[in-house]
Amino acid sequence: GGAAGAVLDGRDIGTVVWPEAPLKLFVTADADVRAHRRFLELSAAGKDSAAGTAAASLSLEHVRAEMQRRDARDSQREGCR
């Protein structure tokens, strides 16, 4: 058939794994849904952030803010559209 291709998903795909990719997209889902999902993951693991510290200060607002900072940084990476 036609030309082979692939869709790769991940935070470092376009900068580390395949920096010369001909097309790169920065795609996000609803911030509240993602933050809630991450909050539940961290709660279940007994952690308060992606850094993995103890869960004493875990809050949905903290998780959302951390995620928004990371998204802002990542969306500014060279080559993102």
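Everything numeric here is computed off the predicted structure, so don't read it as measured data.

Calculation notes
Residues numbered from 1 in each chain as written. Predicted model: local features only at pLDDT ≥ 70, side-chain atom pairs only at ≥ 80, totals over all residues. Heavy atoms only, no water. Helix = DSSP H or I, 4+ residues; strand = E, 2+ residues; numbered from the N terminus. Buried < 20%, exposed > 50% of the residue type's maximum accessible area, 1.4 Å probe, protein only. Polar contact = N/O pair within 3.5 Å; in protein donor to acceptor, adjacent residues only side chain to side chain. Contact = heavy atoms within 4.5 Å. Salt bridge = Lys/Arg side-chain N within 4 Å of Asp/Glu carboxyl O.

Asks: Explain the side chain of Asp 71 to me, using residue names and the numbers behind them.
Replies: Along the polypeptide, Asp 71 turns up in helix α3 (residues 60-75). What makes Asp 71 buried here is its relative accessible area of 12%. Among the polar contacts made by the side chain of Asp 71, one reaches the side chain of Arg 34 at a distance of 2.7 Å. Apart from residues no more than four positions distant in its own chain, Asp 71 is found in contact with Arg 11, Phe 26, Thr 28 and Arg 34.

Asks: Report on the pattern of salt bridges, specifying residues and quantitative values.
Replies: One pass over the structure, following the stated rule, counts three salt bridges. Where Arg 64 meets Asp 32, a salt bridge forms, and the shortest distance between an N and an O atom there is 2.8 Å. Of this pair, Arg 64 sits in helix α3 while Asp 32 sits in helix α2 (residues 31-45); the two residues are 32 residues apart in sequence, bridging distant segments of the chain. A residue is classified by how much of its surface remains accessible, and Arg 64, at 21% relative accessible area, is partly exposed. Of the residues examined, Asp 32 reaches a relative accessible area of 45% and is grouped as partly exposed. Note that Asp 71 and Arg 34 form a salt bridge whose closest N and O atoms lie 2.7 Å from each other. Here Arg 34 lies in helix α2 and Asp 71 lies in helix α3, a separation of 37 residues in the sequence. Taking the relative accessible area as the measure of exposure, Arg 34 reaches 12% and is therefore buried.

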